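# Structural description and commentary
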Amino acid sequence: MAPTIAAAMGYSQGHLTMTNKLRKPVVEKMRRDRINSSIEQLKTLLGKEFVKQQPDSKLEKADILEMTVCYLRQSASPRPATGNEGYSRCVQEIVHFLSRDEMKTETQRKLLNHFQAAQNSPAHQSPVKEATPVKSALWRPW
């Protein structure tokens, strides 16, 4: 007698179910490995920030993810320009504009000398900003 179609289908479904059951742990392990690898890469990339926050503590994966989100939010937010930066930029543009002409009047020369002196004075130079560490505290359940 020839095998029936139902028997053939039962074999193939049972075979597929068994194959899926065997593959699931392997696929899950690969997924966890990808997640762990990405978290380690984040930890490496932002290592200096982590040291600033908690120099001697072992960071959990959730800590690494939270600190990364805080760091990205901080670096994505626009920093407001200070009046000093605007002034310095304006002086640079004036000096550039006044320096273009070869034929300068006495007034242009005086203005150029004045603004070049202002550009070089330490009181009007824009301050160098340091990267500020992430200031939000990590959430911990204990």
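Residues numbered from 1 in each chain as written. Predicted model: local features only at pLDDT ≥ 70, side-chain atom pairs only at ≥ 80, totals over all residues. Heavy atoms only, no water.

Turning to its location among the elements, Glu60 is positioned in the loop between α2 (47–53) and α3 (61–76). Residues Glu60 and Ile39, 21 residues apart in the sequence, show an inter-C-alpha distance of 9.8 Å. (Helix = DSSP H or I, 4+ residues; strand = E, 2+ residues; numbered from the N terminus.)

Charged atoms that come close allow side chains of opposite charge to pair. Counted by the stated rule, this structure contains five salt bridges. The partner of Asp33 in a salt bridge is Lys29, and the shortest N-O contact between them spans 3.0 Å. Highlighted residues: Asp33 and Lys29, both in helix α1 (residues 5–45), separated by four residues, approximately one helical turn. A residue is classified by how much of its surface remains accessible, and Asp33, at 38% relative accessible area, is partly exposed. As a salt-bridge pair, Glu93 and Arg89 come within 3.3 Å of each other at their nearest N and O atoms. A residue pair is termed a helical-turn pair when its members lie 3 or 4 positions apart in one helix, as Glu93 and Arg89 do in helix α4 (residues 83–100) at four residues. By relative accessible area, which is 46% here, Glu93 ends up partly exposed. Residues joined in a network through salt bridges with shared partners are Glu28, Arg31 and Arg32. (Salt bridge = Lys/Arg side-chain N within 4 Å of Asp/Glu carboxyl O. Buried < 20%, exposed > 50% of the residue type's maximum accessible area, 1.4 Å probe, protein only.)

The UniProt record marks residues 85–115 with the feature "domain: Orange" (unreviewed entry), using the residue numbering of this structure. In residues 85–115, helix accounts for 84% and strand for 0%; the two terminal C-alpha atoms are 15 Å from one another. (UniProt positions renumbered as here; feature names shortened; annotations may be inferred.)

Of all hydrophobic cores here, the largest spans five residues; its members are Val91, Val95, Leu98, Leu112 and Phe115. Elements represented by at least two residues in this core include exactly α4 and α5 (106–120). For this core, the leading source of residues is α4, giving three residues. Residue contacts for Leu112: discarding those within four places in its chain leaves Val95, Leu98, Ser99 and Lys104. (Core = buried A, V, L, I, M, F, W, Y, C linked by side-chain atoms within 4.5 Å. Contact = heavy atoms within 4.5 Å.)

Taking 1.5 Å per residue as the helical rise, α3 with its 16 residues ought to reach 22 Å, and the 22 Å between its terminal C-alpha atoms agrees with that figure. Listed as buried for α3 are Asp63, Ile64, Met67 and Thr68. The arc that holds the buried residues of α3, viewed along the axis, is 130°, so those residues lie on one side. Turned more than 90 degrees away from the buried face of α3 sit Arg73 and Ala76, all of them exposed. (Expected span 1.5 Å × (residues − 1). Arc of directions from axis to C-beta.)

Averaged over every residue, the pLDDT of the protein is 74; residues scoring 70 or more account for 66%. Confidence, expressed as mean pLDDT per element, reaches its minimum in the protein at α2 with 73 and its maximum at α3 with 86. Note that residues 125–132 has pLDDT below 50 and, in this model, 14 contacts with residues that lie over four places away or in other chains. (pLDDT = per-residue confidence, 0-100.)

Another aspect to go through is the environment of Leu42. Its place among the elements puts Leu42 in helix α1. Classification of Leu42 by relative accessible area gives partly exposed; the value is 24%. Separated by 22 residues in the primary sequence, Leu42 and Ile64 have C-alpha atoms spaced 7.4 Å apart.

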